[in-house]
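Architecture and fold: a report
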Amino acid sequence: MRDFLTDTMIRAGALVCLSVASLARGADEPTYQLGPTGLVGTLSKNTISVTQVAPGSPAEGNLKQGDQVIGAGVGAAVASFTGNPREELAEAINLAETEKHAGRLTLMLHGGRRVELQLTILGAYSGTAPYNCPKSDTIIERAAEHLVKSGKIDSGACHPGLLGLMATGEKKYIDMVAKAIQQAQWAKPNPDDVEALLRGEKDMGYVGWYWGYNLITLCEY
């Protein structure tokens, strides 16, 4: 059985590497994926401006590009954003995902309209999350499965998908990583090219940068 520290490190690593919340730089200002709602938006002091709605997500058919979300909550406890709207939305999502609130998240829109989104019921975080936490386990599993189904587990120069799958600690994902590494060209550098680089006969370019990430991935494996 894994000890407390090892298990915590594995789960924390998986949450970091597989997190579906990401920051994307637009032409003028950053946009943010807003958890399981399916919304992407920009933030102002007390408002989230919707820029995208993911097909098949809870928000599809309920919100559209250009909508202004000014508050969130569950049941009768729906309030306007007063500080950081992204953090306050996250708190409302956590409450909505509990059995008590049955996955029902209410968003308050500019103009007085309210919409209810049906989220997946994941329960509440344990006091020791991510260690010994069924909700953390479920999030990690769902994120890993989504990554596998996307067919892009080895995309990106830093190999975040491979690192994330290994961080789950699950054999089935580590076996997938093994197969991906065995098929990856970056894991089989040409010895002659390496010798030429070491002799200074080739321009290093960004080779050292990328090799660093490649070696991190191989060492973790």
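Values in this document were obtained by computation on a predicted structure and should not be read as measured data.

As paired elements, strand E5 (residues 68-74) and strand E6 (residues 77-80) share four bridges and run antiparallel to each other. Its bridge partner being in E6, alanine 72 is matched across the sheet by alanine 79. Counted along the chain from E5 to the antiparallel partner E6, the turn is two residues long, and its residue glycine 75 has a positive phi close to 55 degrees.

The biggest cluster of nonpolar side chains holds 21 residues, and the ones touching the most others in it are Leu39, Leu63, Val69, Leu89, Leu105, Leu107 and Leu117. At the level of elements, strand E4 (48-53), E5, helix H2 (85-96), strand E7 (104-109) and strand E8 (114-118) are the ones that each hand at least two residues to this core. If you tally residues by element for this core, the top one is H2, at four residues.

Quick look at the environment of cysteine 158 now. Inspection of the secondary structure assignment puts cysteine 158 in the loop between helix H3 (134-150) and helix H4 (160-167). According to the relative accessible area criterion, cysteine 158 is partly exposed, its value standing at 32%. Each C-alpha atom of the pair cysteine 158 and tryptophan 211 lies 9.5 Å from the other, and the pair is 53 residues apart in sequence. In this view, cysteine 158 contacts Leu163, Tyr213 and Thr217; residues no more than four positions away in its chain are not counted.

It is worth spelling out the packing of H4 against helix H7 (residues 207-220) at this point. Contact geometry of H4 with H7 gives a least axis separation of 10 Å together with a crossing angle of 20 degrees. The pairing of H4 with H7 is recorded here as roughly parallel in orientation. With respect to the hand of their crossing, H4 and H7 are arranged in left-handed fashion. Seen from H4, the contacting residues are Leu162, Leu163 and Met166; seen from H7, they are Ile216, Thr217 and Glu220. Among the residues making up the contact of H4 with H7, the classes are represented as four nonpolar, one polar and one charged.

A cluster of nonpolar side chains, contributed by Trp209, Tyr210, Trp211, Leu215 and Leu218, occupies part of the molecular surface with about 510 Å² of accessible area. In this fold, leucine 215 is placed in helix H7.

A separate point is the packing of H4 against helix H5 (residues 171-183). Orientation of H4 relative to H5, taken along the N-to-C sense of each, is 150 degrees, at an axis distance of 8 Å. The angle between the axes of H4 and H5 places the two elements in the roughly antiparallel class. Like other packed secondary-structure pairs, H4 and H5 cross with a definite hand, here left-handed. In this structure, H4 uses Leu162, Leu165 and Met166 to contact H5, whose residues at the interface are Tyr173, Ile174, Val177, Ala180 and Ile181. Looking at the contact of H4 with H5, its residues break down into eight nonpolar, no polar and no charged.

Before going further, it helps to examine the confidence of the model for the chain. Note that predicted coordinates carrying low pLDDT should not be read in detail. Per-residue pLDDT for the chain averages 86, and the proportion of residues at 70 or more is 86%. Averaged pLDDT values for the elements of the chain fall to 39 in strand E1 (residues 23-25) and rise to 98 in E7. In the predicted structure, residues 20-27 sits below a pLDDT of 50 and forms 12 contacts with residues beyond four places in sequence or in another chain.

Here we take up the pattern of salt bridges. Oppositely charged side chains may form a pair once their charged atoms are brought near each other. Considering all chains together, one arrives at eight salt bridges under this definition. Between arginine 113 and aspartate 67 there is a salt bridge, and its shortest N-O distance comes to 3.6 Å. With a gap of 46 residues between them, arginine 113 in the loop between E7 and E8 and aspartate 67 in the loop between E4 and E5 connect regions that are remote in the sequence. Linking glutamate 145 and lysine 172 is a salt bridge whose minimum nitrogen-to-oxygen distance equals 3.8 Å.

Summarising the element assignment, proline 189 is placed in the loop between H5 and helix H6 (191-198). The sequence separation of proline 189 and tryptophan 211 amounts to 22 residues, and the corresponding C-alpha distance is 9.8 Å.

What counts, and where the lines are drawn
Residues numbered from 1 in each chain as written. Predicted model: local features only at pLDDT ≥ 70, side-chain atom pairs only at ≥ 80, totals over all residues. Heavy atoms only, no water. Pairing = 2+ DSSP bridges. Helix = DSSP H or I, 4+ residues; strand = E, 2+ residues; numbered from the N terminus. Core = buried A, V, L, I, M, F, W, Y, C linked by side-chain atoms within 4.5 Å. Buried < 20%, exposed > 50% of the residue type's maximum accessible area, 1.4 Å probe, protein only. Contact = heavy atoms within 4.5 Å. Axes fitted to C-alpha atoms, helices over the stretch in contact; angles between N-to-C directions. Parallel < 35°, antiparallel > 145°, perpendicular 65-115°, else oblique. Left-handed = near helix turned anticlockwise from the far one by under 90°. Nonpolar A, V, L, I, M, F, W, Y, C, P; charged D, E, K, R; others polar. Patch = residues over 30% accessible without salt bridge, like charges linked within 9 Å, V, L, I, M, F, W, Y side chains within 5 Å. Areas by Shrake-Rupley, 256 points an atom, 1.4 Å probe, with all protein chains shown as cover. Salt bridge = Lys/Arg side-chain N within 4 Å of Asp/Glu carboxyl O. pLDDT = per-residue confidence, 0-100.

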